[in-house]
Amino acid sequence: MEPATGAGPSLYAGAPSSVSFNKLRKRLIRNVRQAIEDFAMAPPAEAETSVRPRWLVALSGGKDSYGLLALLMDLKWRGMLPVDLIACNLDQGQPNFPKHVLPDYLTSHNVPHRIEYRDTYSVVTGKVAEGATYCALCSRLRRGNLYRIAREEGCEALVLGHHRDDILETFFLNFFHGGRLAAMPPKLLNDDGDVMVLRPLAYCAEEDLARFAEALQFPIIPCDLCGSQDGLQRNVMKAMIADIEQRMPGRKDSMIRALGNARASHLLDRSLFDFAGLSVQPEKAGT
């Protein structure tokens, strides 16, 4: 049975009572639950485990990570996610970063959390040439710190707020600029083999998350580091995909399905398919 509109974790206290918001919330919950099930991110809700899984939820202060936290807490509240959650913000030392916003918000909603300060901003701006994009180095430094925090907090998984559109943009970045077919996997084991990286928003549309964040009035913190740089290739991919969706509605959903429906024999990767071993069967030749 679905809960009444407006019911749920404290983060939903100011949720609209409208039918449209209730539909949006249900759709996002359904998408997250489907991703968790499809990629075996968590044990089934009815499973009895001796050790309850613990997840570190990376919270940047943007709409996507807020939405991720709210949706995971919603699933826990409904008894559909048998894991413990701890939110974590990595304060990277960006100028004018409002340090009080996230701890105040999380404390007010009784969300277990950890705020970690590491001045990666100075490292990034010191090593990256003027005019170049900061994203790659910034991301590596942030991820390394988050892995460390996950270990320190006894978490088996680091949970990130990348959504459907992020995955598609990454695919086309790799396709056009990297010469490979690769995207963001919904589930990935880190190089050290001790922390799982999860993306439960893999099926969620960015526009849905934007509407969700606006409805719940999350205290959004803009990124003044990479977000202020123009000409990022990711923005080019975003615009291209948006244009495709406008011309042919429904293509985003079709593309995300395609990423889960690969045919190795119909591509050109010899490491995935034994083309050399493919030959005509003598008994069928000439029939």
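The structure this text deals with has already been given above.
To keep things clear, this report deals only with the structure shown in the data block. (Residues numbered from 1 in each chain as written. Predicted model: local features only at pLDDT ≥ 70, side-chain atom pairs only at ≥ 80, totals over all residues. Heavy atoms only, no water.)

**Looking at the nonpolar core**
Across soluble globular proteins, nonpolar side chains have a tendency to be buried as a group. Grouped together as the largest cluster of nonpolar side chains are 45 residues, with contacts concentrated most on Tyr12, Trp55, Leu69, Leu71, Leu72 and Phe212. When contributions to this core are tallied by element, the ones reaching two or more residues are α1 (19-38), β1 (54-58), α2 (63-77), β2 (84-91), α3 (101-108), β4 (157-159) and α7 (206-216). Ranked by residues supplied to this core, first place goes to α2 with 8 residues. Excluding residues within four positions of it along the chain, Leu71 makes contact with Tyr12, Leu28, Ile29, Val32, Leu201, Leu209 and Phe212. If you look at the next biggest cluster of nonpolar residues, it comprises 13 residues, including Ala58, Leu158, Val195 and Val197. (Core = buried A, V, L, I, M, F, W, Y, C linked by side-chain atoms within 4.5 Å. Buried < 20%, exposed > 50% of the residue type's maximum accessible area, 1.4 Å probe, protein only. Helix = DSSP H or I, 4+ residues; strand = E, 2+ residues; numbered from the N terminus. Contact = heavy atoms within 4.5 Å.)

**Let's talk about α2**
For α2, which comprises 15 residues, the first-to-last C-alpha distance of 21 Å matches the rise-based estimate of 21 Å (1.5 Å per residue) to within 8%. In terms of residue burial, α2 counts as a mostly covered element, since 12 of its 15 residues are buried. Every buried residue of α2 is listed here: Asp64, Ser65, Tyr66, Gly67, Leu68, Leu69, Ala70, Leu71, Leu72, Met73, Asp74 and Leu75. Just past α2, the residue Gly79 takes up positive phi, approximately 80°. (Expected span 1.5 Å × (residues − 1).)

**Digging into the side chain of Asp91**
Tracing the backbone shows Asp91 in strand β2. Engagement of the side chain of Asp91 in a polar contact is seen with the side chain of Lys99, the distance being 2.5 Å. With residues up to four places along the chain from it excluded, the contact list for Asp91 reads Phe97, Lys99, Glu116, Tyr117 and Arg118. (Polar contact = N/O pair within 3.5 Å; in protein donor to acceptor, adjacent residues only side chain to side chain.)

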